[in-house]
Amino acid sequence: MDLRAEPRSAETAEGLSDAAENSKRSFRLGLLSLFGLAFLFVSINETGLWVGDSRFEVFENPNQRLRRMVSMWDSSRGLGRERGDFWPGLTIFVAFFRAIGFPTWVVERLWHGSLICLGGAGVALFLREFRPRATLAQLSAAALYMFGPYSVAFLLPSNLYTNYAVAPWVWLLFYRGAHRRRWRHVGALGLIVLLLGNTEAAGTAYAFLYLIPIAIFAVVIDQTLRWRDVWAWGLRFGAIAVGISLSILAVVLISADVFDQNLRETESSRALNSNSSWAETWRGLGSWLLYLRNSFGLARPATSVYLTSGVTVLGTFGIPVCALFGLTRRRRETSLLGLMMVIGLMVMVGLFPNDESSLYGRIIGSIYDNIKPVEFLRNNFKAGSGAMFGICGLFGITAEWVVTGLRQHQSRLSGRGALFSLLSVGMGAVLVL
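How should I be thinking about the packing of aromatic side chains in this particular structure?
Centre distance and the angle of the planes are the two values used to describe a pair of aromatic rings. The full count for this structure, using the stated rule, is 22 aromatic pairs. When the ring of Phe-93 is compared with that of Phe-97, the centres are 4.9 Å apart and the planes differ by 50°; the resulting orientation is tilted. Taken together, the positions of Phe-93 and Phe-97, both in helix α4 (residues 88-99) and four residues apart, correspond to about one turn of that helix. Using a relative accessible area of 19% as the deciding quantity, one classes Phe-97 as buried. Three or more aromatic residues joined by ring pairs form one cluster here, namely Phe-126, Phe-130, Trp-171, Tyr-175, Tyr-210, Phe-217 and Phe-389. In this structure, Arg-128 is placed above the aromatic ring of Phe-27, and the distance from its NZ or CZ to the ring centre is 4.1 Å.

Dropping the structure here:
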């Protein structure tokens, strides 16, 4: 009996190994396909034209900007003042491709496509930490994170979008580093912080604040970590981050007056939350810029389809409905995704409605009014990475359940499967629009 059982075990092990290899192959091919779509979409949009994105001088003369970046004085603005920006990642990327002869509009498209791909890959890889073979769920989540309404609405200016693309990598490196206790994960995260510079401090801060629910999930719910593992990781990262961030901190401290002036002259926290209702935030929208009108119509006409097309509006509501159904599936990552979604949506809604804010909104409003250094977080739509990650991940779980049920021809799933398949098709129509 034992002799006959051994071959069965070997065959089973071989079958599992083949299944794992097939899953990896499908995952890689799926990600490459999504990358191809990302670069295709950004390339065919207004070919030959470019909009200057975050700063015109970054794309027109990146080498000069690199030289100025090591100086504390900016002679090109305000008749001379302290420099307030330190953006090594974007500037080095643009300088490299401009140096080898790429035209400006192509470099801008490469930058945008790279950011979209970076975000999608981070989401897929982070979800893969929980269920290595759930390829369909991971790719569905990545696709929605890359091409969903939030990406369409906030890709420009890309200095705001960069943190959305980088945030999943922050969470992935923390999760791997705390579990595997290797310095390379801490070092990689430190390098990300250095390349980000002070591109968008609020978005970076929100990305790191989401480490709190991730740590709570890993210690309390998943029980794969202990609190001492989390603190050990924090000490290792702190040791590296302090050294790496000295250049960034120097710029911030020396240019404190510039940043303070920007806070006083730009939009107030209540103006920023004038349209961040639960309904609009739920769709991945809600930022006041999307609803701003001038004499020509909407200030950002490219996103008007999300406000004027009934089919598109219905589809963008269908996506989070699918995500809610994902909460009913017993998967290892479900509680984390639900936690990220709820916390993220609450932060993004913020003070809305300004005249009758929730208890959370009143507390946050009081903090912004009385603690000025915290006011840089007032544009709480920069916290969208966590909320969208939760929604996208739960949507991926739903998509996996639907497809699996339809493949197995389970009659008890046919009705609900058809419904969620229809909503998935609706999502596809939204992305195409």
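Just to check I follow, could you spell out helix α12 (residues 227-244) for this structure?
A turn of α-helix holds 3.6 residues, and therefore any two residues three or four places apart point the same way. Under the 1.5 Å per step criterion, the end-to-end length of α12 is 25 Å for 18 residues, consistent within 8% with the ideal 26 Å. Those residues of α12 not exposed but buried are Asp-229, Val-230, Trp-233, Arg-236, Phe-237 and Ala-241. In the core, the buried residues of α12 are packed alongside α8 (158-180), α9 (183-196), α10 (201-209) and α11 (211-221).

Looking at this structure, I do not really get α8. What am I missing?
Look at α8: 33 Å from first C-alpha to last across 23 residues, which is about the 33 Å you get at 1.5 Å a residue. At Val-166, α8 shows its largest kink, close to 35°, and the proline Pro-168 lies no more than four residues downstream. For α8, a buried count of 18 out of 23 residues is recorded, marking the element as mostly surrounded by other parts of the structure. Looking one or two places after α8, you find Arg-181, whose phi comes out positive at around 55°.

Is there a simple way to explain the environment of Glu-129 in this structure?
Relative to the assigned elements, Glu-129 resides in the loop between α5 (104-128) and α6 (135-147). Glu-129 gets classed as buried once you look at its relative accessible area, which sits at 18%. In the structure, Glu-129 is positioned 43 residues away from Leu-172 in sequence and 8.3 Å away in space, judged by C-alpha atoms. Those residues in contact with Glu-129 that lie beyond four places of it in its chain are Leu-172, Tyr-175, Arg-176, Arg-180 and Arg-332.

Would you mind going over the environment of Gly-365 with me for this structure?
Note on placement: Gly-365 falls in helix α20 (residues 359-370). Looking at Gly-365, the relative accessible area reads 2%, which means it is buried. Once the C-alpha coordinates of Gly-365 and Asn-354 are considered, the two residues, eleven residues apart in sequence, prove to be 9.3 Å apart. Dropping the residues within four chain positions of it, Gly-365 is found in contact with Arg-270 and Leu-351.

What should I look at first to understand the pattern of salt bridges in this one?
One side chain can pair with another of opposite charge once the charged atoms of both are near each other. For the structure shown, the criterion picks out ten salt bridges. For the salt bridge of Glu-129 with Arg-180, the shortest nitrogen-to-oxygen distance reads 3.7 Å. Note that Glu-129 is positioned in the loop between α5 and α6 and Arg-180 in helix α8, a separation of 51 residues in sequence. In the salt-bridge network here, residues are joined through shared partners; they are Arg-131, Arg-331, Glu-333 and Glu-400.

Explain unusual backbone geometry to me, please; I cannot follow it from the model alone.
Backbone phi values are negative for most residues with the exception of glycine, while trans is the configuration of most peptide bonds. The phi angle at Arg-181 is positive, at roughly 55°, despite the residue not being glycine. Within the secondary structure, Arg-181 sits in the loop between α8 and α9. Its identity is not glycine, yet Gln-223 carries a phi of approximately 55°, on the positive side. Tracing the backbone shows Gln-223 in the loop between α11 and α12.

Is there a simple way to explain empty space enclosed by the protein in this structure?
Where empty space is left can be seen by rolling a probe of water-molecule size over the atoms. Summed over the entire model, instances satisfying the criterion amount to two cavities of 30 Å³ or more. For the largest cavity, the calculated volume is near 110 Å³. As for the largest cavity, its lining consists of 15 residues, of which Leu-144, Pro-149, Arg-283, Ile-319 and Met-388 are closest to the centre. Residues that form the lining of the largest cavity fall into these classes: eleven nonpolar, three polar and one charged. As a volume, the second largest cavity reaches approximately 40 Å³. Lining of the second largest cavity is provided by Leu-127, Arg-131, Ala-134, Ala-137, Gln-138, Ala-141, Glu-333, Gly-393, Gly-396 and Ile-397. Going through the elements one at a time, α6 and α21 (384-407) are the ones with two or more residues in the lining of the second largest cavity. Here the lining of the second largest cavity is built from residues that sort into five nonpolar, three polar and two charged.

Explain the packing of α5 against α6 here, please?
Helices that pack against each other are described as a pair by the angle of their axes relative to one another and the distance between those axes. Between α5 and α6, whose axes approach to 8 Å, the crossing angle comes to 150°. When the interaxial angle is binned, α5 and α6 end up roughly antiparallel. Between α5 and α6 the crossing geometry is right-handed. Here Ile-116, Cys-117, Gly-119, Gly-120, Val-123, Ala-124, Leu-127 and Arg-128 of α5 lie close against α6, whose contacting residues are Thr-135, Gln-138, Ala-141, Ala-142, Tyr-145, Met-146 and Phe-147. Partitioned by chemical class, the residues of the contact of α5 with α6 number ten nonpolar, four polar and one charged.

What is the right way to look at the side chain of Thr-162 in this model?
With respect to the helices, strands and loops of the structure, Thr-162 is situated in helix α8. Of the residues examined, Thr-162 reaches a relative accessible area of 7% and is grouped as buried. The residues touching Thr-162, leaving out its near neighbours within four places in the chain, are Trp-111, Leu-115 and Leu-196.

Cut-off values and rules
- Per chain, residues are indexed from 1 in the order of the written sequence.
- In keeping with the model being predicted, local features are shown solely for residues with a pLDDT of at least 70 and side-chain atom pairs are shown and tallied solely at 80 or more, while totals for entire chains, interfaces and linings include all residues.
- Processing note: side-chain calculations cover all non-hydrogen atoms of the structure and skip hydrogens and water entirely.
- Any pair of Phe, Tyr and Trp rings, taking the six-membered ring for Trp, is counted once the centres come within 6.5 Å. Such a pair is stacked with planes under 30 degrees apart, edge-to-face with planes over 60 apart, and tilted for the rest.
- Helix numbering and strand numbering both begin at the N terminus, where a helix is a DSSP run of H or I of at least 4 residues and a strand a DSSP run of E of at least 2.
- Only protein chains enter the calculation, and the probe is 1.4 Å; a residue is then buried if its accessible area is under 20% of its type maximum, exposed if over 50%, and partly exposed in between.
- Whether a charge lies above a ring is judged from NZ of Lys or CZ of Arg, which has to be within 6 Å of the ring centre and within 35 degrees of the ring normal.
- Helix span, expected: 1.5 Å multiplied by one less than the number of residues in the helix.
- The contact definition used throughout considers only heavy atoms, calling two residues in contact when any of these lie within 4.5 Å.
- In this scheme, the bend at a residue equals the angle between the axes fitted to the seven residues that finish there and the seven that begin there.
- Basic side-chain nitrogens of Lys or Arg form a salt bridge, by our definition, when they fall within 4 Å of a carboxyl oxygen of Asp or Glu.
- Think of a 1 Å grid over just the protein atoms. A cavity is a set of points where a 1.4 Å probe fits yet cannot get out, a pocket is an open set with protein on both sides within 12 Å along at least five of seven lines, and lining residues have an atom within 4 Å of a point.
- Grid points are joined across faces, edges and corners, and a volume is the space filled by probe spheres set on the points.
- Ten residue types, Ala, Val, Leu, Ile, Met, Phe, Trp, Tyr, Cys and Pro, are classed as nonpolar, four, Asp, Glu, Lys and Arg, as charged, and the remainder, Gly among them, as polar.
- For helices, the fitted axis covers only the stretch in contact; all axes are lines through C-alpha atoms, and the angles between them, taken along N-to-C directions, range from 0 to 180 degrees.
- An angle counts as roughly parallel when it lies under 35 degrees, as roughly antiparallel when it exceeds 145, as roughly perpendicular when it falls between 65 and 115, and as oblique in every other case.
- Crossing handedness follows the turn of the near helix against the far one: under a right angle anticlockwise gives a left-handed crossing, and clockwise gives a right-handed one.

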